[in-house]
Amino acid sequence: AWRAIVCGFPALWNDIKVSKDFSQSYLEASLKYSKDSPIDVSIQGTTPAQNAVVIGLLLPHVARIHILHARGMGDADDKALRQLLSQKMPILDGISVNINTKSRPMGPYNVPAHTRIDGLHTPEESFVWELRSEQFPALRKLYLGTGIMLRDPFPIFPALKRLELVELRHGSMNIVQFARLLAQLTELEELCICRFRPTITDVQSPMTLPPSLSKLSVQDNAYYTASFLESFHIPAHVDLKIARLQDYMDLGDFPENGWELTPFVHDALPSDVGTLPIIKDVTELELRHYMMSTYSLRGATPAGHTVRLTGHLMEDWPQEYKDLHSFLELVEVFGDADICSLFLNGNNCTEIDADDWEEALSTWPGLERITIAQTDSLTKFDARLSLLDALLPPEFEEGEDPEDTMPVPWLKTLTITSLAFYQEDVELAEALAGCLKERKDAGFPLHRLHIKLEYIARPDAENECKKKNKWRVRMYSKALKHLVKHLKLELVNDFYPKERPLDDED
């Protein structure tokens, strides 16, 4: 009975995943029992010999393919794959092709001959694909990745909604020709380019993007990314993701005499940040720091549009350049914005002292909410204690309006995290009480204080923590409840911390 149900229900068979350990009998069963329904096909990590078998079985069913992923193959002359990609697929909605041929992107500048490295600056063979628009009349999502080279001209898919070009080789396309291509994609909503490099040429004025575009992602070294962004007018309603990727290969980020440039994300922006109007519209900021290798500056506007600036360091980056002071980069990039909310999410390797906080607070005097999560505890990297120092009221001179000199006078909400260490709880509570009392006495009381009291306990050992957690709640409550209108103490068991990727909305 179960077999009859399973074999008679096509939706159980139409998600077909093929890897190097694929089962031919399972593939045959999937194609048989999915009957006439659309199928989603993923081919990853297979060899050309395996592809000959897999694609031989797929060819009679290409008219049913709804989504096709072909990734990880390592032969630029895979005849079976070439045959599959030459077929017409009338209902294909999305396709992604990424072939590991060791092909590397070049340009848009020439590497001097004396600095070339054999095998690194020489482009290797690519999988040349004669992609035609009539092949996929219903295509809405297109991903072209490493190892692919398209024969000119680039095909136009009128219904395309999302276009991702990752290290695609494109022949001799320049930025003006790329803009003309985009202008023909009148339904395009999302554009992502990663080390895809149409040659930059001078334009009299910034070119326009399709009016339908709502998301733009540019990921490359600073040399290219800044030039690309300067070539276009990017409206404030377009969500931006800009990632500065370190790149030894083309030497665009580095001066001739060595490691002098600090790899900040703002170096990947146009010299005039005003050309990106979304940056000035931002009212909420988040700095998310992951050790010393990756960080993200994220801004959100009242209308819900976002800009994300991401920095990555290579593993072998010199140690003396790994301490990126990305906190001050917030001021560098968003200094002209009226920020009302600031979230420091993760900081355990960069010292943010009181002077750094004072610069940020004076830049955004209208701050109403500050949140600090996952910072180091009671060391020079503890961003909570230095913030409390910066929030202390200054000495008011006679006749001086306190509102003009008080750090962030409209601050209403402060949210911080405390770990389950006795000494940390005591010192943090004392520092909080001292700061909030002085602000209250000066006439600027905090409206809401939210403290997340983290601890680590196995689920079956929760009862063992009750006594200590009860003491923590009582201690913080006694020290702080009379200093704020609303005090929230939240107990959080961090035994199973939730992994949060750098760009969780992707």
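Numbers given to residues run from 1 along each chain, matching the order in which its sequence is written. Given that this is a predicted model, residues contribute local features only at a pLDDT of at least 70 and side-chain atom pairs are listed and counted only at 80 or more, while totals for whole chains, interfaces and linings are drawn from all residues. The basis for the side-chain values is all heavy atoms of the structure; hydrogens and waters are excluded.

For the protein chain, an unreviewed UniProt entry supplies the name F-box domain-containing protein and the organism Trametes pubescens.

Looking at the overall build of the protein chain
Helices and strands together make up the secondary structure of the protein chain, namely 13 helices and 21 strands. Under the scheme applied here, a residue whose accessible area is under 20% of the maximum for its type counts as buried, over 50% as exposed, and between as partly exposed, the area being computed with a 1.4 Å probe on protein chains only. Within the protein chain, the fraction of its 506 residues that count as buried is 47%. Here the contacts in the protein chain between residues at least 6 apart in sequence split such that 72% fall between residues at least 24 apart. In this text, helices come from DSSP runs of H or I with a minimum length of four residues, and strands from runs of E with a minimum of two, each type numbered from the N-terminal end. What makes two residues a contact is simply this: any of their non-hydrogen atoms within 4.5 Å.

Considering unusual backbone geometry
Its identity is not glycine, yet Glu-167 carries a phi of approximately 55°, on the positive side. Assignment of secondary structure puts Glu-167 in the loop between strand 8 (162-166) and helix 5 (175-183). Take Glu-167: its relative accessible area is 18%, and that puts it in the buried class. A positive phi angle, close to 35°, is found at Val-408, a residue other than glycine. Here Val-408 is to be found in the loop between helix 11 (402-405) and strand 19 (413-418). Note on Val-408: relative accessible area 1%, which makes it buried.

Examining the packing of helix 8 (residues 326-334) against helix 9 (residues 354-363)
The axes used here are C-alpha line fits, helices contributing only the stretch in contact, and every angle between their N-to-C directions lies in the interval 0 to 180 degrees. Viewed as axis vectors pointing N to C, helix 8 and helix 9 meet at an angle of 25°, and their least axial separation amounts to 10 Å. As summarised for this structure, helix 8 and helix 9 are arranged roughly parallel, according to the angle between their axes. Crossing angle aside, the handedness with which helix 8 passes helix 9 is left-handed. Along its contact with helix 8, which presents Phe-327, Leu-328 and Val-331, the element helix 9 presents Asp-356, Trp-357, Glu-359, Ala-360 and Thr-363. In terms of residue class, the contact of helix 8 with helix 9 is built from five nonpolar, one polar and two charged. Between 65 and 115 degrees an angle is taken as roughly perpendicular, under 35 as roughly parallel, over 145 as roughly antiparallel, and anywhere else as oblique. Working rule for handedness: look at the near helix, and if it is turned counterclockwise from the far one by less than a right angle, call the crossing left-handed; if clockwise, right-handed. In this classification, the charged set is Asp, Glu, Lys and Arg, the nonpolar set is Ala, Val, Leu, Ile, Met, Phe, Trp, Tyr, Cys and Pro, and all remaining amino acids, among them Gly, are polar.

Quick word on the confidence of the model for the protein chain
Values of pLDDT, which run from 0 to 100, indicate the predictor's confidence residue by residue. Averaged over the protein chain, the pLDDT score is 84; the fraction of residues at 70 or greater is 83%. Confidence, read as mean pLDDT per element, is least for helix 11 in the protein chain (70) and greatest for strand 6 (residues 141-144) (96). Overall, residues 105-112 carries pLDDT values under 50, and its contacts beyond four positions in sequence, including any with other chains, amount to 22 contacts. When the criterion is pLDDT under 50, residues 249-261 qualifies, and its contacts beyond four places in sequence or with other chains add up to 35 contacts.

Describing the pattern of salt bridges
Should a side-chain nitrogen of Lys or Arg be within 4 Å of a carboxyl oxygen of Asp or Glu, the pair is scored as a salt bridge. One pass over the full model with this rule turns up 18 salt bridges. Linking Asp-93 and Arg-140 is a salt bridge whose minimum nitrogen-to-oxygen distance equals 2.9 Å. Here the residue Asp-93 occupies a position in the loop between helix 4 (79-85) and strand 4 (94-98), and Arg-140 occupies one in the loop between strand 5 (127-129) and strand 6, the gap between them amounting to 47 residues. Note that Arg-458 is salt-bridged to Asp-460, the shortest N-O span being 3.7 Å. What makes Asp-460 exposed here is its relative accessible area of 64%.

Remarks on the pairing of strand 11 (residues 215-220)
For strand 11, the buried fraction is high: five of the six residues fall into the buried class. Two strands qualify as a pair provided DSSP detects at least 2 bridges between them. Pairing between strand 9 (residues 190-194) and strand 11: five bridges, direction parallel. Across the sheet, Glu-190 pairs through a bridge with Lys-215, a residue of strand 11. Strand direction decides the pairing type here: strand 11 and strand 13 (residues 239-244), joined by six bridges, are parallel. For Leu-216, the partnering residue across the bridge sits in strand 13 and is Leu-240.

Considerations on the packing of aromatic side chains
Pairing of aromatic rings covers Phe, Tyr and Trp, the last counted by its six-membered ring, and requires centre-to-centre distances within 6.5 Å; plane angles under 30 degrees mean stacked, over 60 mean edge-to-face, and any other angle means tilted. For the structure on display, the rule yields eight aromatic pairs. Ring geometry for Trp-13 versus Tyr-33: centroids 5.1 Å apart, planes at 45°, classification tilted. With Trp-13 in the loop between helix 1 (2-7) and strand 1 (15-18) and Tyr-33 in helix 2 (residues 24-33), this pair connects stretches of sequence that are 20 residues apart. Of the two residues examined, Trp-13 and Tyr-33, each falls in the buried class.

Focus on a nonpolar patch on the surface
Together, Trp-2, Ile-5, Val-6, Phe-9 and Leu-12 line one region of the surface with nonpolar side chains, adding up to about 550 Å² of accessible area. What makes Val-6 partly exposed here is its relative accessible area of 30%. Here, patches come from residues exposed beyond 30% relative accessible area and free of salt bridges, joined within 9 Å for like charges and within 5 Å for nonpolar side chains (Val, Leu, Ile, Met, Phe, Trp, Tyr). With residues, only the protein chains shown are counted as cover, and all accessible areas are computed by Shrake-Rupley using a 1.4 Å probe.

Overview of the state of the cysteines
Our working definition of a disulfide is a cysteine sulfur pair at a distance within 2.5 Å. Enumeration over the complete set of coordinates arrives at zero disulfides. With no disulfide partner, Cys-194 has as its closest neighbouring cysteine sulfur the one in Cys-192, 6.4 Å distant. Residue Cys-194 is classed as buried on the basis of its relative accessible area, which comes to 11%.

A closer look at the nonpolar core
Core analysis: the biggest nonpolar cluster contains 119 residues, and Ile-95, Trp-129, Phe-178, Phe-232, Phe-334 and Trp-357 have the highest contact counts within it. Per-element tally for this core: the top contributor is helix 12 (residues 422-441), with six residues. If we skip the residues at most four places from it in the chain, Trp-129 touches Leu-85, Ile-95, Val-97, Gln-135, Phe-136, Leu-144, Ile-148, Met-149, Leu-150 and Arg-151. In terms of nonpolar packing, the next biggest core, distinct from the first, is built from five residues, Tyr-143, Val-166, Cys-194 and Ala-243 among them. Nine residue types can take part in a nonpolar core, namely buried Ala, Val, Leu, Ile, Met, Phe, Trp, Tyr and Cys, and a core is a set of them joined through side-chain atoms within 4.5 Å.

So, the pairing of strand 17 (residues 341-347)
Across the seven residues that make up strand 17, a large majority, six, are buried. The pairing of strand 17 with strand 18 (residues 369-375) spans six bridges and is parallel. Residue Asn-345 lies in a different strand from strand 18, and its bridge partner there is Ala-373.

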